[in-house]
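# Structural overview for review
Chain by chain, the residues run as shown.
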Amino acid sequence: MDTITAPAPEAASAPAIPFAVPASRWDESVAATLSPPQLLLYRSNLLGSDLTVTNFGGGNTSAKLEEVDPLTGETVEVLWVKGSGGDIGSMKLDGFATLYQHKLLGLEAHYAGPEDDDKMVGYLPHCTFNLNARAASIDTPLHSLLPFAHVDHVHPDAIIALAASSGGEAATQEIWGGRIGWLPWKRPGYTLGVMLRDYVAANPEVEGVMLAGHGIICWADSARACYEHSVGLIADAANYLNAKLAQKPAFGGAAVPVSADRAAIAAGLMPRLRALMTGARRKLGHFSDDAEALEFVNSAQFQRLADLGTSCPDHFLRTKIAPLTLDPARLGDDAYLAEKVAAYRDLYAAYYQRCKRSNSPAMRDPNPVVVLVPGVGRITFAADKTTARLAGEFYGNAINVMRGAEAIGDYIALNEQEAFDIEYWLLEEAKLQRMPAPRPLVGRIALVTGGAGGIGAATAARLMADGACVLLADRDAAAVEEVRAGFARQFGRDAVRAAVCDVTDEAQVADAFAFAAREFGGLDILVANAGIASSAPIEETTIELWNRNYDVLAQGYFLTSRAAWPLLRGMKEQGGSSVVFIGSKNGVAAATNASAYASAKAAANHLARCLALEGAPHGIRVNVVNPDAVIKGSRIWDGDWRKERAGAHGIDSGRELEEHYRQRSMLKRDVLPSDIAEAVYFLAGDQSAKSTGNMINVDAGNAQAFTR
Ligand SMILES: [Zn+2]
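This one's a predicted model, so the numbers in the text were calculated from it and none came from an experiment.

## Examining the packing of helix α7 (residues 168-176) against helix α9 (residues 223-245)
- For the pair α7 and α9, the least separation of the axes is 11 Å and the interaxial angle reads 110°. Considering their axes alone, α7 and α9 lie roughly perpendicular with respect to each other. You can see that α7 and α9 cross each other, and the crossing is right-handed. Together, Ala-171, Glu-174, Ile-175 and Trp-176 of α7 and Leu-233, Asp-236, Ala-237, Tyr-240 and Lys-244 of α9 make up the contact between the two elements.
- Its residues placed into classes, the contact of α7 with α9 shows six nonpolar, no polar and three charged.

Right, here's the structure in full:
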């Protein structure tokens, strides 16, 4: 697993990855139809949806527009500015805060100096125009205090690379002459707005200003001119840096070869790291071995730069101040991993102690977010999959910044006290406190076999509805992909993955669990559901039929449980893990003409009890849900089984079967996949934390199946 392949001969001199050079995507035929606020939105979406322009969620845009005051009927100047939350790439008109510009300017009467920054945020809602509920962001003063109709503020990698380099100010002068100014680092807030306004007043020739360690702000007289100005400045920076990067390999060249087994190494490593991240909610992982990640982690300058930490506030708020780095030669050593994660937590606690102020919020989760492994790539952990993925993407942005910054000088990371003051900013803490409690299964990873079928898909949906991430495993490739695609639309693309897996195939089972480990970071819940059904009198039960039932229903449950075990075992410290078998009424109650099926189901039920006993010391609970007659949406009821059971019950038509089962039940009710899913949900989550070795019948009542 630790095998590292020989380096490609040209690796050490491979050219640096260049910055993307954006071009204007403005379409005047679209723009001509838009109102002034819509033009602002159009420009914002164009900027934000182009990842060559800005990072996810990065930046804000504004326009000062004339509006009719609903109270007085007078025409007033209103600042439309991207509000708090959301991102400019996907925002809608309701994402803008609208504020009276004359009131915003009047706020300066309340400002005496930088110590008033937090207080000034509290005044912003008093300037709201037209009862707009969208909260104004802390960047609002950057826009209101500048006397320009259209203002863009973005954080593209090529720009931050200049802003975070010892050579940045000289490069700014070289690229743009005096057209673009330079302000030293100042954290976002009212004071930065005042500094910016005063700078522009003293330097009236500038068309934009670089904000050191942060990004750029620029302006123009029209929406189109402002957009094209932003794109042009980014292209200028990218072209300048690309010319420098073409002269030598990035980060001192490659020092470590790329491992051909990096995906397998990540799958082996991630669950073990996840298990070590104790003292907080369970985490989801995200692995990337994209070109940017590999160029960086394999480079000669990797360790020095990684230790410096990230620069732009947008980056480090997502990635923490610095990553955890691991020695690829020692990944197999559990004690080494435990020591490294513990040392990271100690470093983080020391940073908190050094930088905290008398009124700082309590220390947050000290576990690492970004883990870098030479030869392998970049792994990120966060409370949910999307946050983990975005943290990885933000670290990718940070890598780009370091590459560019080092090409023109020395990369400069943000001073740790400044980083701390942003990370533990009181107003940010207030926002965190207002966040609703996470759904109960956020942070949990489930693997559902037979995930494309009725009960499997309903179970996956139930788990995802409460925040779990799910890997659907099914032997039907087309069906499982269709179910996955539907769930991706319903629950988001980060929540669901699919793997083709025949539970009777040991290698396919191993691959599915490795896939879950690499895609999500580990496993908390196994739902063993993949099943078949057959019906035959004993004298007509062939050895083939007998074996098929036992291969899928008994051995399949064994193989999936065994593969899940090492992943589940690691979660003991976080509260344990859960295995749920989908059994059958026929695992308890004898069935006519279905001895192979019913006895294999009984074997699985007893396997569950044995595993409950064996799993308890490791915090693994094992329980069974026994459905009966779940006909709607069930794939095992397609075709022959339906006809066979109809025949066994002396019913002519398969269609009368549902009525037959309903009437046979004690409660006279249909049993649906969603009913089974609800029982699985109960057994999967903490509400059943004290239950193991149990069976829940979900069969609308069947006296024969009463457990005793
Ligand atoms: Zn910014």
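## Describing the nonpolar core
- One finds Leu-463, Phe-487, Leu-523, Phe-581, Val-625 and Ile-676 to be the most contacted residues of the largest nonpolar core, which totals 70 residues.
- When neighbours within four sequence positions are excluded, Val-625 is seen to be in contact with Val-580, Phe-581, Ile-582, Gly-583, Ser-584, Ile-676, Ala-679, Val-680, Leu-683, Ile-696 and Val-698.
- Among the nonpolar cores identified, the runner-up in size contains 68 residues, and Ile-159, Ile-234, Phe-251 and Leu-305 belong to it.

## Some points on the packing of helix α18 (residues 454-465) against helix α25 (residues 673-684)
- For the pair α18 and α25, interaxial distance at closest approach is 8 Å and the crossing angle is 50°. Of the possible angle classes, the one that applies to α18 and α25 is oblique. In this structure, α18 crosses over α25, and the sense of that crossing is right-handed. Taking contact as the criterion, the partners of Gly-454, Ile-455, Ala-458, Thr-459, Arg-462 and Leu-463 in α18 are, on α25, Pro-673, Ser-674, Ile-676, Ala-677, Glu-678, Val-680, Tyr-681 and Ala-684.

## Considerations on the sheet that holds strand β16 (residues 577-582)
- Strand order in this open sheet of seven strands is β14-β13-β12-β15-β16-β17-β18, and the pairing throughout is parallel. Only two strands of the sheet have a single neighbouring strand rather than two, namely β14 (496-500) and β18 (695-698). When strand polarity is set aside, the average angle formed by the axes of neighbouring strands in this sheet is 15°.
- Bridge analysis of strand β13 (residues 469-474) against β14 gives five bridges, and the strand direction is parallel. Within β14, the residue paired with Asp-474 across the bridge is Val-500.

## Quick look at the side chain of Asp-421
- Structurally, the position occupied by Asp-421 is in helix α16 (residues 416-423).
- In this structure Asp-421 touches Arg-187 and Arg-357, once residues within four positions along its chain are discounted.

## Concerning α16
- Turning to α16, its buried residues number three or more, namely Ala-419, Phe-420, Asp-421, Ile-422 and Glu-423.
- Where α16 is buried, its residues touch α13 (313-319) and α14 (334-355).

## Description of unusual backbone geometry
- In this model, Asn-130 sits at a positive phi of 60°, which is unusual for a non-glycine residue.
- Along the chain, Asn-130 turns up in the loop between α4 (117-123) and α5 (140-144).
- Of note, the phi angle at Ala-629 is positive, near 55°, even though the residue is not glycine.
- Along the polypeptide, Ala-629 turns up in the loop between β17 (620-627) and α23 (640-648).
- Ala-629 sits in the buried class, given a relative accessible area of 16%.

Definitions and limits used
- Starting afresh in each chain, residues are numbered from 1 along the sequence in its written order.
- Note on the predicted model: pLDDT of at least 70 is required for a residue's local features to be given, and 80 or more for side-chain atom pairs to be given and counted; whole-chain, interface and lining totals, by contrast, use all residues.
- Calculation of side-chain values draws on the structure's entire complement of heavy atoms; hydrogens and water are dropped beforehand.
- In this analysis, axes come from line fits to C-alpha atoms, helices being fitted only over the stretch in contact, and the angle between any two N-to-C directions falls in the range 0 to 180 degrees.
- Put simply, DSSP marks the helices as runs of H or I at least four residues long and the strands as runs of E at least two long, and each gets a number from the N terminus on.
- Angle categories are assigned with fixed cut-offs, so that under 35 degrees is roughly parallel, over 145 is roughly antiparallel, 65 to 115 is roughly perpendicular, and the rest are oblique.
- We call a crossing left-handed when the near helix sits turned anticlockwise from the far one by less than a right angle, and right-handed when that turn is clockwise.
- Every residue pair with non-hydrogen atoms within 4.5 Å of one another is taken to be in contact.
- Only Asp, Glu, Lys and Arg are considered charged, only Ala, Val, Leu, Ile, Met, Phe, Trp, Tyr, Cys and Pro nonpolar, and every remaining residue, Gly among them, polar.
- Among the buried residues, those of types Ala, Val, Leu, Ile, Met, Phe, Trp, Tyr and Cys that are joined through side-chain atoms within 4.5 Å form a nonpolar core.
- Whether a residue is buried, partly exposed or exposed follows from its accessible area with a 1.4 Å probe, protein chains only, as a fraction of its type maximum: under 20%, in between, or over 50%, in that order.
- Two strands are counted as paired when DSSP detects at least two bridges linking them.

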